[in-house]
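Tertiary structure, described
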Amino acid sequence: MTYPTLFDGLRLGDLDLPNRVVMAPLTRNRALPVGDVPHVPNAEYYAQRASAGLIITEASQISPEGKGYAWTPGIYSDAQVAGWKQVTDAVHAKQGRIFVQLWHVGRISHTSLQPNEQAPVAPSELAAEAHTFDGQALVPTSTPRALDLFEMARIVDDYRKAAINAKNAGFDGIELHAANGYLLDQFLRDGSNKRTDAYGGSVENRSRILVEVLEALTEIWPAGRIGIRLSPFSSAGGISDSDPMATFSHVIKSVDKFGLAYLHLVEGETGGTRELPKGADIATLRALFKGTYMANNGYNRGLAAKAVGSGEVDLVAFGRPFIANPDLVERLAQNANLNEVDPATLYGGGATGYTDYPVQNASVLA
Ligand SMILES: Cc1cc2nc3c(=O)[nH]c(=O)nc-3n(C[C@H](O)[C@H](O)[C@H](O)COP(=O)(O)O)c2cc1C
């Protein structure tokens, strides 16, 4: 049996991806500060990266309450939809494909970022051991309040509205952000979910909100235009679980029933080690999902070629390499050197470290 290379196309749902190099979701804190609206520089940034097989946008809050950092874009207001339309138009003009990542941060927020300076919401009243950026400094995340049972339907509805907005903004699909210690991940894990109602306790209960959100999203989009991101072995956002293999085996089996476009796993610590805790195993989890598998975390050219070439992985999402290399696909194809990321310009600011990373061959961006 012969397997494809990174540069072979892949049919994802009813979309044809020209290659298997995906741009991972990357928060850059460069939306317009008033109203958290995407604008022209964001369109330019994504259009520069349109040769990716698929772009997944930075996480975008589904409601004002879903916000956890300064200057991240939303996808709940008309102005935000119009801003995103500029982005999708620019990417489509370059023959690219782009999904928006839908985000609710849960407890990874600060009162100063919340409507009326209220406490952020979470499954339980447990502060994360984490920090966020409030526009001036890194600050400890605030102690959240536990969501009331009657509020769950509203949260699901916020996801539904965001999915409708994503259609109106011209996206090709959506990725549900259930990774990295944010709201949905907080529900999944027993370290942050101490509820005693239908949304806590057993892994089935802890997965309930995720399943309800997927039911809502699949009413709006065909399943083949929806992906999901999980990070089973990451402690991002101070998240923990007493038995991640058991939790995520159940979660992935539940997700599989929806026939989604892809399962996207962060393999290991997000942005950190690819080594897994004792007893953890990605292949076992991957096997529980029948569809396309997108892998992420610390991939370089060799690792990605091997993973796709062995048939273990269908798509590889690159994060930091895509920040610094708008023409990453071409560079990987030519085995060219890569630009290094400048850590100082990751979050917030203007064009520097955003739209000014050089390409090898200027015609790529023309
Ligand atoms: C600047 C930055 C912003 C990120 N923002 C997001 C995000 O919005 N959503 C998400 O799921 N992951 C986010 N991540 C994690 C990346 O998608 C990815 O998992 C991580 O960088 C590891 O992949 P890499 O080794 O290819 O960079 C971010 C990472 C970085 C470095």
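Coordinates for the structure precede this section.
Comments concerning the packing of aromatic side chains
Applying the stated criterion across every chain, the model contains eight aromatic pairs. Measuring from centroid to centroid gives 4.8 Å for Tyr45 and Tyr46, while their planes differ by 70 degrees, and the two rings are edge-to-face. The class for Tyr45 is buried, based on a relative accessible area of 0%. Looking at Tyr46, the relative accessible area reads 1%, which means it is buried. Through successive ring pairs, a cluster of aromatic residues spans Tyr45, Tyr46 and Tyr354. The ring centre of Trp221 lies 5.5 Å from the NZ or CZ of Lys167, which sits over that ring. Over the ring of Tyr299 we find Arg274, and its NZ or CZ is 4.5 Å from the ring centre.

With respect to the site of the ligand
Near the ligand lie 19 residues; those nearest to it are Thr27, Arg229, Asn296, Gly319 and Arg320. Between the ligand and the protein, one listed contact pairs an oxygen atom with a backbone N or O atom of Gly319 at 2.7 Å. Relative to its unbound accessible area of 610 Å², the ligand is 91% covered by the protein chains. Along the lines of polarity and charge, the residues of the shell around the ligand split into seven nonpolar, ten polar and two charged.

A short note on the nonpolar core
In terms of nonpolar packing, the biggest core is built from 81 residues, with Leu210, Leu217, Ile228 and Leu230 touching the most fellow members. Residue contacts for Leu230: discarding those within four places in its chain leaves Ala178, Ala179, Leu188, Phe248, Val251, Ile252, Leu263, His264, Leu265 and Val266. Counting 14 residues, the second largest nonpolar core, distinct from the first, contains Leu12, Val22, Ala24 and Phe99.

A closer look at the sheet that holds strand E4 (residues 54-61)
Pairing is parallel around the closed barrel formed by eight strands, whose spatial order is E3-E4-E5-E10-E11-E12-E13-E14. The average angle at which neighbouring strand axes cross in this sheet is 25 degrees, direction not considered. Relative to strand E13 (residues 292-296), strand E12 (residues 262-266) runs parallel, the two sharing five bridges. Within E13, the residue paired with His264 across the bridge is Met294. Each of strand E5 (98-103), strand E10 (173-177) and strand E11 (226-230) is contacted by helix H6 (residues 208-220), which is oriented at about 170 degrees to E10, the strand it contacts most. Docked against the sheet, helix H7 (residues 244-256) engages E11 and E12, running at close to 180 degrees with respect to E11.

Here we look at helix H9 (residues 301-309)
Regarding H9, the residues found buried are Ala304, Ala307 and Val308. Along the axis of H9, the buried residues cluster in a sector spanning 90 degrees; they form a single face. On the buried face of H9, the contacting elements are strand E14 (315-318). Of the residues flanking the end of H9, it is Gly311, one or two places downstream, whose phi is positive at about 80 degrees.

Some thoughts on unusual backbone geometry
Of note in this structure, Asn297 is not a glycine but carries a positive phi near 110 degrees. With a phi close to 55 degrees, Asn335 is a non-glycine residue in the positive phi region.

Here's the deal with the pairing of E4
Extensive coverage of E4 is indicated by the burial of eight of its eight residues. In terms of strand pairing, strand E3 (residues 21-23) meets E4 through two bridges, oriented parallel. Bridging across to E4, Val22 finds its partner in Leu54. The parallel pair E4 and E5, bridged by helix H2 (residues 78-93), forms a crossover whose chirality is right-handed.

Some remarks on the packing of helix H1 (residues 40-48) against H2
As a packed pair, H1 and H2 sit with axes 8 Å apart at the nearest point and diverge in direction by 25 degrees. With respect to H2, the element H1 is oriented roughly parallel. Note on packing geometry: the crossing formed by H1 with H2 is right-handed. Where H1 approaches H2, its residues Val40, Asn42, Ala43, Tyr46 and Ala47 are matched on the opposing element by Trp84, Gln86, Val87, Ala90 and Val91. Taken together, the residues of the contact of H1 with H2 sort by class into eight nonpolar, two polar and no charged.

Structural notes on the packing of helix H3 (residues 152-168) against H6
H6 packs onto H3 with a crossing angle of 35 degrees between their chain directions and a minimal axis gap of 9 Å. The handedness of the crossing between H3 and H6 comes out as right-handed. Side by side, H3 and H6 meet where Met152, Ile155, Val156, Tyr159, Arg160, Ala163, Ile164 and Lys167 of the first sit next to Ile209, Glu212, Val213, Ala216, Leu217, Glu219 and Ile220 of the second.

A word on the pattern of salt bridges
Any two side chains of opposite charge can pair, on the condition that their charged atoms come close. For the structure on display, the rule yields 18 salt bridges. A salt bridge links Lys67 to Asp36; the shortest N-O distance between them is 3.0 Å. Within this pair, whereas Lys67 is found in the loop between E4 and H2, its partner Asp36 is found in the loop between E3 and H1, the two being separated by 31 residues in sequence. For the pair formed by Lys67 and Asp36, the shared burial category is buried. When the shortest N-O distance is used, the salt bridge between Arg145 and Glu151 registers 2.7 Å.

A closer look at H6
The end-to-end C-alpha distance of H6 is 19 Å, a good match for the 18 Å that 13 residues give at a rise of 1.5 Å each. The inward-facing, buried residues of H6 contact E5, H3, E10, helix H4 (183-188), E11 and H7.

Conventions used here
Residues numbered from 1 in each chain as written. Predicted model: local features only at pLDDT ≥ 70, side-chain atom pairs only at ≥ 80, totals over all residues. Heavy atoms only, no water. Phe/Tyr/Trp six-rings, centres within 6.5 Å; stacked < 30°, edge-to-face > 60°. Buried < 20%, exposed > 50% of the residue type's maximum accessible area, 1.4 Å probe, protein only. Lys NZ or Arg CZ within 6 Å of the ring centre and 35° of its normal. Near = heavy atom within 4 Å. Polar contact = N/O pair within 3.5 Å; in protein donor to acceptor, adjacent residues only side chain to side chain. Areas by Shrake-Rupley, 256 points an atom, 1.4 Å probe, with all protein chains shown as cover. Nonpolar A, V, L, I, M, F, W, Y, C, P; charged D, E, K, R; others polar. Core = buried A, V, L, I, M, F, W, Y, C linked by side-chain atoms within 4.5 Å. Contact = heavy atoms within 4.5 Å. Pairing = 2+ DSSP bridges. Helix = DSSP H or I, 4+ residues; strand = E, 2+ residues; numbered from the N terminus. Axes fitted to C-alpha atoms, helices over the stretch in contact; angles between N-to-C directions. Arc of directions from axis to C-beta. Right-handed = clockwise from strand over helix to strand, strands pointing away. Parallel < 35°, antiparallel > 145°, perpendicular 65-115°, else oblique. Left-handed = near helix turned anticlockwise from the far one by under 90°. Salt bridge = Lys/Arg side-chain N within 4 Å of Asp/Glu carboxyl O. Expected span 1.5 Å × (residues − 1).

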